[in-house]
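Residue-level structural notes
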Amino acid sequence: MKLLRLVQTVTAAAVAAALALPMSASAHDADATGARARSPLLIAHRGASGYVPEHTLAAYWLAIEQGADYVEPDLVLTKDGVLVARHENAIAILHPDGSVREATTDVAERPEFASRKTTKTIDGVAITGWFTEDFTLAELKTLRARERIPQIRAANTRFNDMFEIPTFEEVLQLVQQANERRREAARDGKGDGKGDRHGHGHGHDRVRPIGVYPETKHPSYFAGLGKPLEEPLVRMLDRYGYRGADAPVFIQSFEVGNLRKLKRMTRVPLVQLLNGSGQPYDFTLSGDRRTYADLAKPAGLAEISSYAQGIGANTSLMIPLVAGRLGAPTTLVKDAHAAGLVVHGWTFRAENVFLPDDFDSSADPAALGNLAGQIEAFLKLGMDGLFSDQSFLARKAIDQYVGKR
């Protein structure tokens, strides 16, 4: 458990002192029987990204401590073919005037990599900046992670430059070691002895593991570079025992073709992501005129069910916004369930700027609003799980909702 102890040693005191947040009681024990047996899944969106910079081992560790069921790494490739966790392959993006528009690393301030700045077209959009596929893993490991949206999450910038870019294997190792710790706690009697946190089974041999929920980012783009994402992803999952239909993993993608390819390569569950607008980029390349809205209709959902086990739906597809407030729900959740698909909604964030106006706490875009109210509105539709940046608040909201049923 060396990796887990290292992450804890480096981050625990700093995170606890800075956040002043208690950890969820569900993180270590098996207290969550009964109501939790019916609990929708909590997927930590890029880790506990509302509290520390996203896609860092600290973010994944904190999410687990706060009660997440799954941690979600977005995956891109390095020059030497290693899967790493970044929101995009662009690790710093520049405005036309040369100023930084968005950065998840300090690469723009590293003179030794100034010559790597370039302009590329990613999924039809020209982007100037630095890209993972132009760096070896060893080079990326010299960079340090930074808060992606400092204008909203200024407090997270206190952790800038503390953490490395993690590989997918390091994320799997962290999850593996966290699960070993939970099993040891169950064997030692530190849980309640009634089963796992979702009420599945009894005793230490039935403790439900924390899962992983990787997303393949820009699969058509990487395939065009001769660096397909599917093979290294399946190979790494196989290495760590994620092989069967009941493995604690979901692979998600906004594209369709790579999910169909993955279906031929692995038996683990697959999830078709559905955005609130646009179409899968591989449809754009092939001339298929269907949109995400088309895929969200019963015929589209029936097709999805032929290669995937679930959908990851933009919240607007379930409850559209009308003048900034929640409107009338659609039938998407009901239709997806009729097609045999689970529904995981994205993304639930606590800051006012991200919330429907119904749940704002003030005019301050960075202040926290009523995330629990938004989550409850969507769980009432029968949604099976949700992605959230704030694992701690989302865990409380899910437990509160389930407890009232």
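Scroll up to find the structure this text is about.
Source: prediction; values computed, not measured.

What follows is about the overall build of the protein chain. In terms of helices and strands, the protein chain carries 14 helices and 17 strands. Counting over 405 residues, the protein chain shows a buried share of 53%. For the protein chain, contacts bridging at least 24 residues in sequence account for 69% of all contacts bridging at least 6.

Attention shifts here to the pattern of salt bridges. Applying the stated criterion to the full structure yields 30 salt bridges. A salt bridge links Arg181 to Glu65; the nearest nitrogen and oxygen atoms lie 2.5 Å apart. Placement of the pair is Arg181 in helix α4 (residues 168-187) and Glu65 in helix α2 (residues 57-65), with a sequence separation of 116 residues. Both residues of the pair, Arg181 and Glu65, belong to the buried class. The salt bridge partner of Asp134 is Lys120, with a shortest N-O separation of 3.0 Å. Separated by 14 residues along the polypeptide, Asp134 in the loop between β8 (125-131) and α3 (137-140) and Lys120 in strand β7 (residues 118-122) bring together distant segments of the chain. The exposure class of Asp134 is partly exposed, given its relative accessible area of 23%. One network of salt bridges, with partners in common, ties together Arg46, Glu54, Asp74, Glu102 and Arg148.

Let us look at the nonpolar core. If you look at soluble globular proteins, the nonpolar side chains tend to sit buried side by side. In this structure, Val71, Tyr242, Ile304, Ile311, Met318, Ile375 and Leu386 are the most contacted members of the largest nonpolar core, which totals 101 residues. Excluding anything up to four places from it in sequence, Ile304 contacts Gln272, Leu274, Leu295, Gly310, Ile311 and Leu341. Formed by nine residues, the second largest nonpolar core is a distinct cluster that contains Ile43, Tyr213, Leu273 and Trp346.

Our next topic: the pairing of strand β17 (residues 385-388). Along β17, one buried face is formed by Gly385 and Phe387 and the opposite face, lined by Leu386 and Ser388, is buried too. Where strand β1 (residues 41-45) meets β17, four bridges bridge the pair, whose relative direction is parallel. Bridging from a neighbouring strand, Ile43 pairs with Phe387 of β17. As defined by bridge partners, strand β16 (residues 342-348) adjoins β17 across three bridges and the pair is classed as parallel. The residue bridging Phe348 from the neighbouring strand is Ser388, located in β17.

At a minimum axis separation of 9 Å, helix α13 (residues 371-379) and helix α14 (residues 391-404) run at an interaxial angle of 50°. It follows from the interaxial angle that α13 and α14 lie oblique. Viewed along their axes, α13 and α14 form a crossing whose handedness is right-handed. Listed contacts from α14 to Leu371, Ala372, Ile375, Glu376 and Leu379 of α13 are Leu393, Ala394, Ala397, Ile398, Gln400, Tyr401 and Lys404.

Spatial ordering of the open sheet is given by β6-β5-β8-β7, a layout of four strands whose pairing is antiparallel. Because the sheet does not close on itself, it has two edges, and the strands there are β6 (100-103) and β7. Averaged over all neighbouring strand pairs, the angle between strand axes comes to 40°, with direction disregarded. Sheet topology places strand β5 (residues 90-94) next to β8; three bridges connect them, and they run antiparallel. Each residue of the ladder has a partner; that of Ala90, found in β8, is Phe131.

Rules of the game
Residues numbered from 1 in each chain as written. Predicted model: local features only at pLDDT ≥ 70, side-chain atom pairs only at ≥ 80, totals over all residues. Heavy atoms only, no water. Helix = DSSP H or I, 4+ residues; strand = E, 2+ residues; numbered from the N terminus. Buried < 20%, exposed > 50% of the residue type's maximum accessible area, 1.4 Å probe, protein only. Contact = heavy atoms within 4.5 Å. Salt bridge = Lys/Arg side-chain N within 4 Å of Asp/Glu carboxyl O. Core = buried A, V, L, I, M, F, W, Y, C linked by side-chain atoms within 4.5 Å. Pairing = 2+ DSSP bridges. Axes fitted to C-alpha atoms, helices over the stretch in contact; angles between N-to-C directions. Parallel < 35°, antiparallel > 145°, perpendicular 65-115°, else oblique. Left-handed = near helix turned anticlockwise from the far one by under 90°.

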